[in-house]
Structures are given as structure tokens and as C-alpha cells.
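Observations on the three-dimensional arrangement
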Amino acid sequence: MKNIKFSFLRSSIAVKQLVVNLLVAPIIVTLTTNTPTTSAMNLFENYSLSTVEMIRNDGYEVEVHNVITADGYILELHRIPKSKGGKAPSRNHPVFIHHGILGTSADWVLAGAAMSLPMQLADAGYDVWLANCRGNTYSRKHISMTYKQKAFWNFSLHEVGKYDLPSSIDYILSMTNSSQLHYIGYSMGSCVFFIMASERPEYQPKIRSQISLAPVAFLSNTRSSLRFMAPYAKMLNVVYQRMWKGMFMPQSNMQKFLASTICRERITQRMICEKCIIFSVCGSDPYHFDTKLIPLIMGHFPAGTSANLAAHFAQFILKDTFGQYDWGRSMNMRHYNSTEPPTYDLKSIRVPITLIYGENDILADTIDVMKLKAQLPMVVDAFPAKSPYFNHVDFLWSSKVNEHVNEPVKEILQKTDDLGWTYTGPAANATAVDAVVPVVSQQPFQVLQLNPLSGAILAPSLEFFAENLDAIIASTMPLPVDERDVAVFEMEREQQRLLFGGVIRFAQAAEKKYGQLREGITNEISGWADDVATGAESRVKQTAVLVNGKIAFAGHSVAGAVGKAGHSVAGAVGKAEHFVVGGVGKAEQTVVVGMGKAQNYVSYGLNKADRAVNGALNATVGRVGRVLWFWK
């Protein structure tokens, strides 16, 4: 019964997670990895095209390359070797582009050539390579393990930076016969670069220039809804380790189904996919985010990673440091010979770096970006995108992405790709720090010092979200820039209140109903278990009586046989002395036969009793096992 109660506890926690999944965003699309493909999905097969297929559909050549890391992971790189017109690269250095967390190379090309940075760079004469880090849809292979093994998912950001990037960089330089390359990293792609440059300084000379889009290193000032989940990341990681072997949010058929149905319809697209899945994590952009791309985005994102990697990001949120994975005080002593994990030495990175950030990026907040900038010794430039509403995903999918991201990136690469270019210090047109760091008192972050209700085990309770809903929503909203924003943003807030309020009420009702169902079934199971125990005990007693009866009957048979044998002997002696020997011989034979029959009868009775007992016990154990399996 203890196991049954634990299963109920685990299930009740899962009910509470429903609302958290919706608020935290992409988790909504991880309902299952085994959902069968439906006919609806076949109608919109573009949502399930691979990176290679999308690039080819836009008229570009594409190559697939496999890279083996030092620790055995097999990474799939996608290369655009020529322009759309078929021209070979004319630039001096190749470009290596890395995606963000839970992303793949598809993120860069799903919007088509008109918005795709890699395709535009290929047209500009660059040899373009797209990364896929370990664990995502395209890089789930290993030389000695499968992705179904727990050991496969035992990695964090540290391993991606220390092993994935160096192996990929060496491979690209070898294939292109180059000594340096340009590196462009979006979000996590910038983070793992900083880790590599810190941990593997021998790779710094191999980087011609680095461009960080929505740079991530420090996250203590994030205003994303993920901040409310960070305190529970450790316990959530335990759940993912036990239930899914450490795999976190892999790509599934269900998300493709959602992409082609729910996220395709205009109302549900705006209310659920845009507000719930994107803006609560990345920030609202009511003017420039290209909502038409949502079905395509949801068809490819999220693409999976490890629970440890997600927990590593949560540690950045909880701490005001950029450090290695925190295993806990005792395990840290084993890994680092210290109770605290070491921090990455950003000041040791001697690579020309450009930081481009969004002023409305609630995930990579401006304050954290400036903190990063202050520790990097070779910052070529650091500037915000031209729109004050620019959020975290606008770097990929804004309708203004060419103006705000792609064109500035091309200008930077054109300058740094010149063989005569060398870093000479901060650019003359670098934006002043005071001009880009918002006044802290104007940020809604200051009023969001919220404490989850006591007793929350794995995640904030439903009551916590219900009581603090307005404050949480306010944290995701940009600051008004002009008069038109007031009405637009108020409408945005009201829509989110209605959506999330409804989700919370639904989850609370479901939890209440589940509690009632749980109590009823618990009582039924308890009664059934008692009946099974009583029945099993009765059958064992009946079997014991049967065994004793058989043994007694067998004993009587033996005694009777012996008595008859003795009588025969006495009669034979009285009648004829010369037949004594023969009579004794017959008597001995009769005794042996009688005892043999008795022994066989006893063995038969015991075997029958054993079968009856085993049958009763096996039936009982089987029924209990089926019940436990059902509840598990």
C-alpha cells in the first residue's frame, strides 16, 4: 500500500504541473513522443520537413556532415556550400552558426530565404555551417550508446561547450582548409561559446570574430516566467531522470499535430501558441513578431535536450554567477574539489566579440547583457536591435529581422572577414552603457519579489499562480514607448489574464476531481487487497487440511499392509514348517509392494497440495502486480 500511496502522490503532483506547463511555455508540446501521425498532419507536411528539405526547397544546395566528439557523441552539421545561384564561396573565412536551447538548425531556415540569415550569408559569398548540439533531433547518436540509455543524457552546457564546439570547429576548418572561422551564436549558442573559449583557450585563435545574438551568460535579472520555475529545477530534474532517463522535451508527433491544427487557427494561434508558449518566456512584441510562422515554429521546436542542461540554465537564474554545473555540495567536492562549482573566466577570452540584444528581451535582460559586456575584454561593439519591442525570438522570426539583425550581422562580417582587419579596441560608434541600461525603478521586476506557498514539492502551487497572476503577466510586458502602446499593452495583459486565469481554474477543478477519484479508488483497492489476503489465507488452510488427510490415509494404507503381511507370516508358520522360507519371502514382497504404493500415494498427495498452494499464491501475486502496474 505504501507504493500505491506514493504513486498517488506522484500523480497529484502531475496534475499541478498542468498549469505550470502552460505558463512555462514549450512544455505544452511534450505530451507524448508516441502519438500516431494523423491525417490532419499530412495536410500540412511542411511543418514536418527537415532542415535539409527546407533548404533544398528554397533552391540551395545542402550537405550533411557527421562529427564525432571526444566523448563519443555524433553531431550532424548542415552545410550550405554555395549561393542560390550556385556560386562557390568567395569570402575568406567560413561561418559557423549555432542555435539556442531546445532548438536545431531548422530554426534558422524555417522562415524561408527572405528571412533566413544562413541563406542570405550563403548568397553573400560565405561557406555556411549550421550546428546541431548533442541531444537534439539531429544529434541523438553515440558511438557506444543509444539515446534510450540514461548515460546518453548525462550532460549539461559544459559538455556542449567543451566537446561539441571544438570538434565541430576542427572539422569545419579541416573541410574548408581554413585557419579561422566566424562564429554566430544565438542565445544558448552564445553561452556555449563563452564556455568553450574559457575552458579551451587553445581554440580562441581559431575564431576570426564572434557575434552573440540575444547573448546569455548571466540570468539573475531575467523577467521570464522561467524565473518562477528555477527554484524547483533540481527536483524537476530528479523526476526527469527517473521517468525519462534525463531526456527533456524531445520533438514529438504531438507537437507537429498541434502545429498543423491548434497553432494554425488564428484565434488559438494568438491566444495559446503566441501568448502562452512564446511571449511568457521571451517577451511580448505586439508589432513585429511574425505570427504566420507559429505553426512552422511549433513543428520544429522544442527539439530536445538533457534535463541537466535545462537545470544548468536554472542555476544561472538563481545565482549571480556564470559557472559550471552545480552537482550539490558533496558531489561538487568530487567533481571540483570544492563545495561550489568554479566560474568561467570570461576575462580570459581574447576573441573579438559583438553583442546584439533586445531591449524587450525578458529572458536575456539588458542588465545581464551589460554585466557580460563588462567582463569581456575584446568587445568590438554592443548595441540593441533598433526596435524597443524586440524580444528573444525576434532575432530569428521578427518581420523586421533583416533590418534589425541580418543586415547588421552582414556589415560586421564584411569588416572582420577582411584579411587586413585586426581588433583595435571598442568601436567608435559603440553605444554608451548608460543609454542602454534601463532605469531599474521603471522595471516591473522590482515588484515581483514573490515567495511560493509553503509545501510546494516540485513546482509553485496553483494558488501561487492564481494570487500572483497579474504580477507575473506584468513582468512579461514591455515598457510603453509612446501613447499607442498603453491601449495595445493593456489589451495584451487582459488577454493573458483571461487565458491563464482559465487555465488555472481548469487545473484547480481537475485537481479537485482527481482528489475525489483518488480517494474512492484508494478505498476500493484497500478493500480488494483485504479480500485477496483473506481468500489466500483460507485457501492455504484448506490445502493444509487436504495434505494432512492424504498423509493420514497413506499412513493407514501402510499399517494395513504391514498387518496383513504379519498375519500371512504367522499362518504360514503354523501350517507348514518347510514353507517358512517361502512364506517369509512372500510376506517381505507384500510389505515392499504395500509400502511402495503408500509412498507413491503420499508423494501424489504432497505434489497436489504444492500445486494448489502455488496456484493460489501465483494468482494473488499476479493480481496485485497488475494493480500496481495499472497505478504506476
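Residues numbered from 1 in each chain as written. Predicted model: local features only at pLDDT ≥ 70, side-chain atom pairs only at ≥ 80, totals over all residues. Heavy atoms only, no water.

**Points about the overall build of the protein**
The test is simple: Put simply, DSSP marks the helices as runs of H or I at least four residues long and the strands as runs of E at least two long, and each gets a number from the N terminus on. To sort residues, take the accessible area from a 1.4 Å probe on protein chains only and compare it with the maximum for the residue type: under 20% means buried, over 50% means exposed, and anything in between is partly exposed. We call two residues in contact whenever any of their non-hydrogen atoms come within 4.5 Å of each other. Accessible surface is estimated by sampling points in the Shrake-Rupley manner with a 1.4 Å probe; for residues, cover comes only from the protein chains shown.
Each helix and strand in the protein was counted, giving 20 helices and 11 strands. Counting across all 632 residues of the protein, residues that qualify as buried make up 51%. When contacts within the protein are restricted to residue pairs at least 6 apart in sequence, long-range pairs at least 24 apart make up 80% of them. Counting every atom, the protein has about 29200 Å² of accessible surface; 56% of that belongs to carbon and sulfur.

**Describing the nonpolar core**
Stated precisely, the cut-off is as follows: Buried Ala, Val, Leu, Ile, Met, Phe, Trp, Tyr and Cys residues that are joined via side-chain atoms within 4.5 Å together make up what is termed a nonpolar core.
Counting residues in hydrophobic clusters, the biggest one holds 57 residues, and the most contacted among them are Phe96, Leu157, Phe193, Phe194, Phe313, Phe322 and Leu376. Within the residue set of this core, elements represented by two or more residues are β2 (73–80), α5 (157–176), β6 (181–186), α6 (188–199), α11 (307–318), β10 (353–357), α13 (366–375) and β11 (379–384). Of the residues forming this core, the biggest block, eight residues, is contributed by α6. Setting aside its immediate chain neighbours within four residues, Phe313 contacts Ile101, Leu157, Met188, Cys191, Val216 and Leu219.

**Observations concerning the confidence of the model for the protein**
Short version of the rule: You can read pLDDT as the predictor saying how much it trusts each residue, on a scale of 0 to 100.
Taken as a whole, the protein shows an average pLDDT of 76; of its residues, 63% reach a score of 70 or greater. In the model, residues 1–44 has pLDDT below 50 throughout and makes 91 contacts with residues more than four positions away in sequence or in other chains.

**Observations regarding unusual backbone geometry**
At Lys245, a position not held by glycine, the phi torsion is positive, near 60 degrees. Phi at Asn337 is positive, roughly 60 degrees, even though this residue is not glycine. Following the sequence through the fold, Asn337 ends up in the loop between α12 (329–336) and β10. What makes Asn337 exposed here is its relative accessible area of 64%.

**Some details on the packing of aromatic side chains**
Operational definition: Within 6.5 Å between ring centres, the rings of Phe, Tyr and Trp (the latter by its six-membered ring) count as paired, and their orientation is classed by plane angle as stacked under 30 degrees, edge-to-face over 60, tilted in between. Only Lys NZ and Arg CZ are tested; either one counts as a charge over a ring when it is within 6 Å of the ring centre and within 35 degrees of the ring normal.
Per the stated rule, a full pass over the model turns up 17 aromatic pairs. Judged by centre distance (6.2 Å) and plane angle (80 degrees), the rings of Trp129 and Tyr171 are edge-to-face. Residue Trp129 is located in strand β4 (residues 128–130), and its partner Tyr171 is located in helix α5; the two are separated by 42 residues in the primary sequence. A ring pair is formed by Phe322 and Tyr344, whose centres lie 5.0 Å apart and whose planes are at 50 degrees; its orientation type is tilted. Taken together, the residues Phe322 in the loop between α11 and α12 and Tyr344 in the loop between α12 and β10 connect sequence positions 22 residues apart. Grouping residues by exposure puts Phe322 and Tyr344 together as buried. The cationic tip of Arg134 hangs over the ring face of Phe155; the distance from NZ or CZ to the ring centre is 5.6 Å. Here the basic side chain of Arg140 rests over the ring of Tyr147, its NZ or CZ set 4.1 Å away from the ring centre.

**Quick notes on the side chain of Arg208**
Note the cut-off: Counting rule applied: Lys, Arg positive; Asp, Glu negative; His and chain ends not counted. Any carboxyl oxygen of Asp or Glu that lies within 4 Å of a side-chain nitrogen of Lys or Arg is treated as forming a salt bridge with it. What qualifies as a polar contact is a pair of N or O atoms within 3.5 Å, subject to a donor-acceptor requirement within protein and to the restriction that residues adjacent in sequence count only when both atoms come from side chains.
Tracing the sequence through the fold places Arg208 in strand β7 (residues 207–213). It turns out Arg208 is buried and unbridged, and the closest side chain with the opposite charge, Asp418, is 5.9 Å from it. There is a polar contact of 2.5 Å between the side chain of Arg208 and the backbone oxygen of Asp418. Beyond its immediate sequence surroundings of up to four residues, Arg208 is in contact with His93, Gln180, Leu181, His182, Pro352, Thr416, Asp418, Leu419, Gly420 and Trp421.

**Focus on the environment of Pro384**
Mapped onto the elements of the fold, Pro384 is located in strand β11. On the accessibility criterion, Pro384 (17% relative accessible area) is buried. Between the alpha carbons of Pro384 and Thr366 there is a distance of 8.8 Å; along the sequence they are 18 residues apart.

**Overview of the environment of Asp71**
Relative to the helices and strands, Asp71 resides in the loop between β1 (63–68) and β2. Accessibility expressed as a relative area gives 26% for Asp71, which makes it partly exposed. C-alpha separation for the pair Asp71 and Glu159, spaced 88 residues apart in sequence, amounts to 9.0 Å. If we ignore the near neighbours within four places in the chain, the residues touching Asp71 are Arg134, His142 and Tyr163.

**A look at the pairing of β10**
For the record, the criterion: Two strands are counted as paired when DSSP detects at least two bridges linking them. Orienting the strands away from the viewer, one traces the path from the first strand over the helix to the second; a clockwise path indicates a right-handed crossover.
Of all five residues in β10, five are buried, a share of seventy percent or more. Two elements, β7 and β10, share four bridges in a ladder whose sense is parallel. Bridging across to β10, Ile211 finds its partner in Thr354. Bridge analysis of β10 against β11 gives five bridges, and the strand direction is parallel. Along β11, the bridge assignment pairs Ile356 with Phe383. The handedness of the β10 to β11 crossover, carried by α13, is right-handed.

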